[in-house]
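# Geometric and topological summary
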Amino acid sequence: MNLLMNITVLDVLEFLGTYAFAVSGIRLAAGKNFDYFGAYVIGMVTAVGGGTMRDMMLGMSPFWMTNPIYLVESFVAFLTVLSFNKVLVKHNESLFLFDTLGLALFTIVGLEKTLQAGFPWWTAIIMGTFTGAAGGVFRDVLINEVPLIFRKEIYALACVIGGNVFILLNFFGLETSINEIISGISVLLVRYLAVAHHISLPKLGKEQAEE
Amino acid sequence: MNLLMNITVLDVLEFLGTYAFAVSGIRLAAGKNFDYFGAYVIGMVTAVGGGTMRDMMLGMSPFWMTNPIYLVESFVAFLTVLSFNKVLVKHNESLFLFDTLGLALFTIVGLEKTLQAGFPWWTAIIMGTFTGAAGGVFRDVLINEVPLIFRKEIYALACVIGGNVFILLNFFGLETSINEIISGISVLLVRYLAVAHHISLPKLGKEQAEE
Amino acid sequence: MNLLMNITVLDVLEFLGTYAFAVSGIRLAAGKNFDYFGAYVIGMVTAVGGGTMRDMMLGMSPFWMTNPIYLVESFVAFLTVLSFNKVLVKHNESLFLFDTLGLALFTIVGLEKTLQAGFPWWTAIIMGTFTGAAGGVFRDVLINEVPLIFRKEIYALACVIGGNVFILLNFFGLETSINEIISGISVLLVRYLAVAHHISLPKLGKEQAEE
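Anyway, here's the lowdown on the structure attached to this text. No experiment lies behind these values; they were computed from the predicted model shown.

### Remarks on the relation of the copies chain A and chain B
- For the pair chain A and chain B, the superposition axis carries a translation of 0.0 Å, the fit reaches an RMSD of 0.0 Å, and the rotation angle comes to 120°. Interpreted geometrically, this transformation is the action of a three-fold axis.
- The two copies present different faces, since only 9% of the interface residues in chain A are matched by interface residues at the equivalent positions in chain B.

### Digging into the pattern of salt bridges
- Going through the model one piece at a time under the given rule, you end up with 12 salt bridges over all chains.
- Between Asp55 of chain B and Arg54 of chain B there is a salt bridge, and its shortest N-O distance comes to 2.9 Å.
- Taking the relative accessible area as the measure of exposure, Asp55 of chain B reaches 0% and is therefore buried.
- A residue is classified by how much of its surface remains accessible, and Arg54 of chain B, at 3% relative accessible area, is buried.
- The salt bridge involving Asp140 of chain C is made with Arg139 of chain C; its shortest N-O contact spans 2.9 Å.

### Focus on the relation of the copies chain A and chain C
- Between chain A and chain C, which share one sequence, the superposing operator has a rotation angle of 120° and an axial displacement of 0.0 Å; the RMSD is 0.0 Å.
- Both copies present different contact surfaces, since only 9% of the interface residues of chain A are interface residues in chain C too.

### Overview of the nonpolar core
- Counting residues in hydrophobic clusters, the biggest one holds 171 residues, and the most contacted among them are Phe34 and Trp64 of chain A, Trp64 of chain B together with Trp64 of chain C.
- When sequence neighbours within four positions are dropped, the list of residues in contact with Trp64 of chain C reads Met57, Trp122, Ile126 and Met127 of chain A together with Met44, Val48, Thr52 and Tyr70 of chain C.

### Here we look at helix H8 (residues 176-196) of chain A
Residue and element names in this part refer to chain A.
- Compared with an ideal rise of 1.5 Å per residue, which puts 21 residues at 30 Å, H8 spans 30 Å between its outermost C-alpha atoms and is within 8% of the ideal.
- Looking only at H8, the buried set comprises Ser177, Asn179, Glu180, Ser183, Gly184, Ser186, Val187, Arg191 and Ala194.
- Following H8 by one or two positions, His198 adopts a phi angle in the positive range, close to 50°.

Each value, and the rule that gives it
Residues numbered from 1 in each chain as written. Chains lettered and ligands numbered in written order. Predicted model: local features only at pLDDT ≥ 70, side-chain atom pairs only at ≥ 80, totals over all residues. Heavy atoms only, no water. Least-squares fit on C-alpha atoms with pLDDT ≥ 70 in both. Contact = heavy atoms within 4.5 Å. Salt bridge = Lys/Arg side-chain N within 4 Å of Asp/Glu carboxyl O. Buried < 20%, exposed > 50% of the residue type's maximum accessible area, 1.4 Å probe, protein only. Core = buried A, V, L, I, M, F, W, Y, C linked by side-chain atoms within 4.5 Å. Helix = DSSP H or I, 4+ residues; strand = E, 2+ residues; numbered from the N terminus. Expected span 1.5 Å × (residues − 1).

Keep in mind these numbers describe shape, not what the thing actually does.
Structural data, given as structure tokens:
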């Protein structure tokens, strides 16, 4: 239950991550001329969609149904995009940082929640990845685009790698709170390197398609 | 449990609403040249998709899995669109009325079901909105269009407003069966005014999009 | 529990079916230039998506969360498409056979699991159809195409017909293991005849669309 003990640091990280996720959804919705309500919904889906799917697969009610903070935060994200998007654009690097912090944190939270529910380690890695990356997939489905994460710089794979790091260090008995930091940083690092050097996975092509 | 006591009136309302929802799905599928089976599935998804998502989030099995009426009704909707669509077109205003009645009823049903399951009031408003509006979103995703409700006249917001009316009047101690009628009518009214006067929410644009 | 007794034959059938489903997803992802990770995810979704939805509707955690075989198999499918797609293309008829075997088996498995969970026979037929056909729908939504099964040769209807055969023979007291074979073959037969003779359902058209 290390997550609950250092609640302030994690709260800040989760707040920043949720905010950055919601902003990304609202901006993409703006590019499609969504109305205010639609854009807010897309922001919310981007921020909480992955964790929602995870909780439903684990047989729990989605986490945001008992805590209004995510609803409020998505609204704050909506208001800032609406009013100060030009200011936000100047701080796109901060948003990228928040987004990546969110990705790392969501991965570890999803992974630990799945382990605590008694599922095997490889399911936990999948659920961690889901928590971090599925919201963006739902966002792209709703704005009627092919999901970005299946075509651009390494994203979900950063969650998979960080998840494996956590499981491995856990297997060797590392203390959980230290493990959370190390595996979280490994998500951050993989994602940062991928974007900084435009590293994408190889793509399949015509010769692998149906004929 | 007022909903169960005046079962005949509500049954008629729900029947009309489900029918109108299914018709809207089948017609949009027809515009995409779906086959009979596909159109029927889209009609069914439009009619029960929102309530299905709500039930799964509440940790229950979807309501239609124990009552075949929705399956049968979607089939009736399919048959009438197939055979008498020209007659239906002449009564588009009746269909709009049924659709709006359905929207109002589904919202209140979803809201009360969520309160009874012990969730907070704001979750109940979200679930009411989900029950009324999410079926149309699933329909649009399946026919590969950007969801209509994120771009056209006020729709889901009518559910949000009606939901807030219900919670507020409930807070002030109004008797539930009267509250159901008043808040249902407020959904109807908002939706009717929005369509009659082509009231849409403002849209986000390029200046809010990612650059 | 006949399914558990003759585990070897059914294991082979399920393995072949899962493989064929995953291959179909990975090939379609290749046609859209997905990267390796994206293509693998699409393969996995195609193979397990239907059963996942079924389990969540039945109130259970998805079957693949406790057995890594489906994860591994989708990876094998990915590797063979990546490396030997030209060889696979020469054996497209085998893949069609595997896909159809999978369709038949998934239908019967989904149907029996739903009956065992205490739901009515018509829900079981829907869930059987879901198990067989919904993975392909999720695949098509993720690659941003209108779902194939709503427009092409009879597919999901084969599951519906096979499901009805099972329920009918079960009603007349036929021994379950024999019933599984007969109703499975009826799925195979309907699907084979549909593809061999290009039998599609009639389509809805403009005159059924909204005006």
